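Spelled out, the chains give:
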Amino acid sequence: MQPDKPSIYEQITGKIVTALENGVNPWARPWHTVHSGPFRNALTNRPYRGMNVLLLNLVALSRGHVDPRWLTFRNAEQLGGHVRKGERGAAIVFWKFLPARDRDGETQPDAANDDDQERKQVPFARSYTVFNVEQCEGLDLVPLDAEEMNGRGEANEPAERVLALAQLQHGGNKACYLPTPDLVLLPNRSAFENSDFYYATGFHEICHWTGHSTRLNRVFGTRFGDLGYAFEELVAEIGAAFLGAQTGIPFETMRHPEYIHHWLQILKGDSKAIFTAAAKAQHAADFVLDQAGIVLAEEETLPAAA
């Protein structure tokens, strides 16, 4: 009997685990090398989010892609071009919601709703393939260097708006979030090598700030047990990188590499943990950007023909 094929969750978790074990940061990306923001679909201009940011980033890092635009075979044809023969795509994942079924195969009504027409919906991960535009020919696209730049200038106004959401206290040599006084501590700006490091550190703590009971009330209980604190650090780490993508702050190094051992424990023990972390991180980033008045484009969705 042949062994069962690994699930989508196991395949993707395996990629993240391998990257971390090889010293590759799946959410680190030198955003300043990209002219115009986060990963997005070349046809719709809608951004990829959550888990797909990590997956596309691993591919971009390994292959040296600097263009943030991706597309399917069909997208390439719609743009008047094609994927070059022999090019390898990147697997990303989207969710479909299917009715829950009981052991007899019957759909189950939502127990929390008296209306039998309301059915429980179960998320189902579906994988499909995209290619970077650098792997294509003949595309009718505006050259990347001709697009409007996300010019930050010396003062990064969007990043300043993000940090202004929390009560900040500067000084000392420690960066942390204190839940009881609801306070973010950061060293003075002059203590950082450059402003990017200052913002990246601040973003990490702002993501912790979103977990307060008066905001997203993010608590990781028995599922992660004693590793709950490390899991929160993983959420903040990824969430900070997502904020960096929207504000032009590069994330080339980890803020807290001392947690890698614990993260590997979590991921190896639960193939869905990285999906939870990415979703919670995206939720935190969305909350921050909304509060800061930074408008996001609508998320790229599963193509109807896929």
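Residues numbered from 1 in each chain as written. Predicted model: local features only at pLDDT ≥ 70, side-chain atom pairs only at ≥ 80, totals over all residues. Heavy atoms only, no water.

1. Looking at the pattern of salt bridges
Counted only if it meets this: By definition here, a salt bridge exists when the distance from a side-chain nitrogen of Lys or Arg to a carboxyl oxygen of Asp or Glu is within 4 Å. Only DSSP runs of H or I with at least four residues qualify as helices, and only runs of E with at least two residues qualify as strands; both kinds are numbered from the N terminus onward. Here's how the labels work: a residue is buried when its accessible area is under 20% of the maximum for its type, exposed when over 50%, partly exposed in between, all with a 1.4 Å probe on protein chains only.
Evaluated as defined, the whole model comprises nine salt bridges. The salt bridge involving Glu21 is made with Lys268; its shortest N-O contact spans 2.7 Å. Placement of the pair is Glu21 in helix H1 (residues 8–21) and Lys268 in helix H7 (residues 260–269), with a sequence separation of 247 residues. A residue is classified by how much of its surface remains accessible, and Glu21, at 45% relative accessible area, is partly exposed. Using a relative accessible area of 56% as the deciding quantity, one classes Lys268 as exposed. The partner of Arg49 in a salt bridge is Asp286, with the nearest N and O atoms 2.5 Å apart. With Arg49 in the loop between strand E1 (40–41) and helix H2 (51–63) and Asp286 in helix H8 (residues 273–291), the pair connects residues that are 237 residues apart, well separated along the chain.

2. Considerations on the sheet that holds strand E8 (residues 176–178)
The line we're drawing: DSSP-based pairing: two strands are paired if at least 2 bridges between them are found. Here the axes come from fitting lines to C-alpha atoms, over the contacting stretch only for helices, and the angles between their N-to-C directions go from 0 to 180 degrees.
Overall, mixed pairing links the three strands, which are arranged E7-E9-E8 in an open sheet. Each of the sheet's edge strands pairs with one partner strand only, and the pair in question is strand E7 (168–170) and E8. Between one strand and the next, the sheet's axes are offset by a mean angle of 25°, whatever the strand orientation. In this structure, E8 lies alongside strand E9 (residues 183–186), joined through three bridges in antiparallel fashion. Along E9, the bridge assignment pairs Cys176 with Leu185.

3. Digging into the environment of Asn188
Here is the rule: Here, two residues are considered to be in contact whenever any of their heavy atoms come within 4.5 Å of each other.
Note that Asn188 resides in the loop between E9 and helix H5 (195–210). For Asn188, a relative accessible area of 39% puts it in the partly exposed group. Sequence-wise, Asn188 and Gln169 are 19 residues apart; in three dimensions their C-alpha atoms are separated by 8.9 Å. The contacts of Asn188, once residues within four sequence positions are left out, are His170 and Gly171.

4. Thoughts on the pairing of E9
Side chains of E9 alternate between two faces, with Leu183 and Leu185 and Val184 and Leu186 buried alike. Across three bridges, E7 lies against E9 in parallel orientation. Paired with Gln169 across the two strands is Leu185, which belongs to E9. The antiparallel pairing of E8 with E9 creates a hairpin that spans four residues between the two strands, and Asp182 there sits at a positive phi of about 55°.

5. What to know about the nonpolar core
Applicable threshold: Nonpolar cores are built from buried Ala, Val, Leu, Ile, Met, Phe, Trp, Tyr and Cys residues. Side-chain atoms within 4.5 Å join them into one set.
One finds Trp27, Met51, Trp70, Phe203, Phe231, Ile238 and Ile274 to be the most contacted residues of the largest nonpolar core, which totals 72 residues. Look past the residues within four positions of Ile274 in its chain and what remains in contact with it is Thr13, Ile16, Met51, Leu54, Leu234, Ile238 and Leu267. The next biggest cluster of nonpolar side chains, apart from the first, holds eight residues, and it includes Leu71, Ala76, Phe131 and Cys136.

6. Overview of the layout of surface pockets
What counts, and what does not: Using a grid of 1 Å spacing that covers the protein atoms alone, one calls a set of points a cavity when a 1.4 Å probe fits there but cannot get out, and a pocket when the set is open and has protein on both sides within 12 Å along at least five of seven lines; lining residues are those with an atom within 4 Å of a point. Grid points are joined across faces, edges and corners, and a volume is the space filled by probe spheres set on the points. Classification used: nonpolar for Ala, Val, Leu, Ile, Met, Phe, Trp, Tyr, Cys and Pro, charged for Asp, Glu, Lys and Arg, polar for all others including Gly.
The volume enclosed by the second largest pocket comes to roughly 380 Å³. As for the second largest pocket, its lining consists of 17 residues, and the residues nearest its centre are Tyr177, His208, Tyr229, Glu232 and Glu233. Of all the secondary structure elements, the ones that give two or more residues to the lining of the second largest pocket are E8, H5 and helix H6 (228–247). Grouping the amino acids of the lining of the second largest pocket by side-chain chemistry returns seven nonpolar, five polar and five charged.

7. Describing the packing of H1 against H2
Here is the rule we go by: With respect to orientation, any angle under 35 degrees is reported as roughly parallel, any angle over 145 as roughly antiparallel, any angle of 65 to 115 as roughly perpendicular, and every other angle as oblique. Should the near helix be turned counterclockwise from the far one by less than a right angle, the crossing is left-handed, whereas a clockwise turn marks it as right-handed.
One can describe the packing of H1 onto H2 by two numbers: an axis separation of 11 Å at closest approach and a directional angle of 55°. On the basis of their axis angle, the class for H1 and H2 is oblique. For H1 against H2, the interelement crossing comes out left-handed. Between H1 and H2, the residues in contact are Ile12, Lys15, Ile16 and Ala19 and Met51, Leu54, Leu55 and Leu58, respectively.

Geometric values such as these leave the question of function open.
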